[in-house]
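# Per-entry structural report
Here is how the chains run, residue by residue.
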Amino acid sequence: MTFRTMITGAVWLAVVPGFAAAEMTAMERALEAGAKTLGSDEIAETMVGKTVKWVAASSDKEVLIHYGEDNGIEGRLIGGDWTGTGFYGVTTDDRICLSWDGRDAGRLRCLHVLMIDGTPHKFRADGSESGALERIEDGRNF
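Predicted model, so just to flag it, every value in this text is computed and none were measured. (Residues numbered from 1 in each chain as written. Predicted model: local features only at pLDDT ≥ 70, side-chain atom pairs only at ≥ 80, totals over all residues. Heavy atoms only, no water.)

On to the overall build of the protein chain, then. Each helix and strand in the protein chain was counted, giving three helices and nine strands. When the helices and strands of the protein chain are listed from N to C terminus, the series reads α-α-β-α-β-β-β-β-β-β-β-β. Looking at the 142 residues of the protein chain, the share that counts as buried comes to 34%. Across the protein chain, every contact between residues at least 6 apart in sequence was considered, and the portion connecting residues at least 24 apart equals 40%. Carbon and sulfur atoms provide 54% of the accessible area of the protein chain, an area that totals close to 8500 Å². (Helix = DSSP H or I, 4+ residues; strand = E, 2+ residues; numbered from the N terminus. Buried < 20%, exposed > 50% of the residue type's maximum accessible area, 1.4 Å probe, protein only. Contact = heavy atoms within 4.5 Å. Areas by Shrake-Rupley, 256 points an atom, 1.4 Å probe, with all protein chains shown as cover.)

Laid out in structure tokens, this is it:
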């Protein structure tokens with residue numbers, strides 16, 4: 001091995017860890033920082049039969065969502081004119097899947113739920129954060 005090869009190898013080892021960290025998803029970063037993945041039963045206990053205030057991760061949008069015990073969902077944008085209905089289900093592989101009438105055309109969007117500092121956060125399949133459940137109340141409250 002020449003001196004040049006040793007230097008190139010050392011540089012490669014220094015670059016690879018930084019490159020890998022930059023490629024981590026928001027969900028991976030949260031898990032690395034100590035977030036806990038909620039299991040199916042915990043997701044159901046947290047959401048079913050409750051109204052949650054969901055705050056989008058990428059904007060200041062806030063939505064009240066009621067997860068009915070019949071697997072129906074109702075939503076209302078706080079400070080806006082959107083309302084919607086649809087359906088959801090909690091999977092056996094620790095996700096919650098939902099479909100808003102019209103927007104999703106019957107297709108399910110499945111999300112992982114992680115507990116971060118006592119607040120549930122939803123994460124998309126690609127690992128990006130969807131938003132946080134900042135308030136959870138029993139029943140339909142809107």
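Pairs may arise between side chains of opposite charge once their charged atoms sit close together. Under the criterion given, the structure shown has eight salt bridges. Of the charged contacts in the structure, one is a salt bridge between Glu74 and Arg140, with a shortest N-O distance of 2.9 Å. Taken together, the residues Glu74 in strand S4 (residues 72-77) and Arg140 in the segment after strand S9 (129-138) connect sequence positions 66 residues apart. Note on Arg140: relative accessible area 44%, which makes it partly exposed. (Salt bridge = Lys/Arg side-chain N within 4 Å of Asp/Glu carboxyl O.)

In the sheet, S4 pairs with strand S5 (residues 83-90) via five bridges, with the strands oriented antiparallel. Bridge pairing in S5 links Ile73 to Gly86. In this structure, the hairpin formed by S4 and S5 is closed by a connection of five residues, where Gly79 is found at a positive phi of approximately 75°. Bridge count for S5 against strand S6 (residues 96-100) is five bridges, and the pairing is antiparallel. (Pairing = 2+ DSSP bridges.)

Time to look at the side chain of Ser99. With respect to the secondary-structure elements, Ser99 resides in strand S6. At a separation of 3.0 Å, a polar atom in the side chain of Ser99 contacts the main-chain carbonyl oxygen of Arg107. The contacts of Ser99, once residues within four sequence positions are left out, are Ile73, Thr85, Gly86, Phe87, Asp104, Gly106, Arg107 and Leu108. (Polar contact = N/O pair within 3.5 Å; in protein donor to acceptor, adjacent residues only side chain to side chain.)

Attention now goes to the state of the cysteines. One pass over the structure, following the stated rule, counts one disulfide. In this model Cys97 forms its disulfide with Cys110; the gap between the sulfur atoms is 1.9 Å. Across the S-S bond linking Cys97 and Cys110, the dihedral sits near 110°, which makes this disulfide right-handed. Of the two residues, Cys97 is situated in strand S6 and Cys110 in strand S7 (residues 109-116); the sequence distance between them amounts to 13 residues. (Disulfide = S-S within 2.5 Å.)

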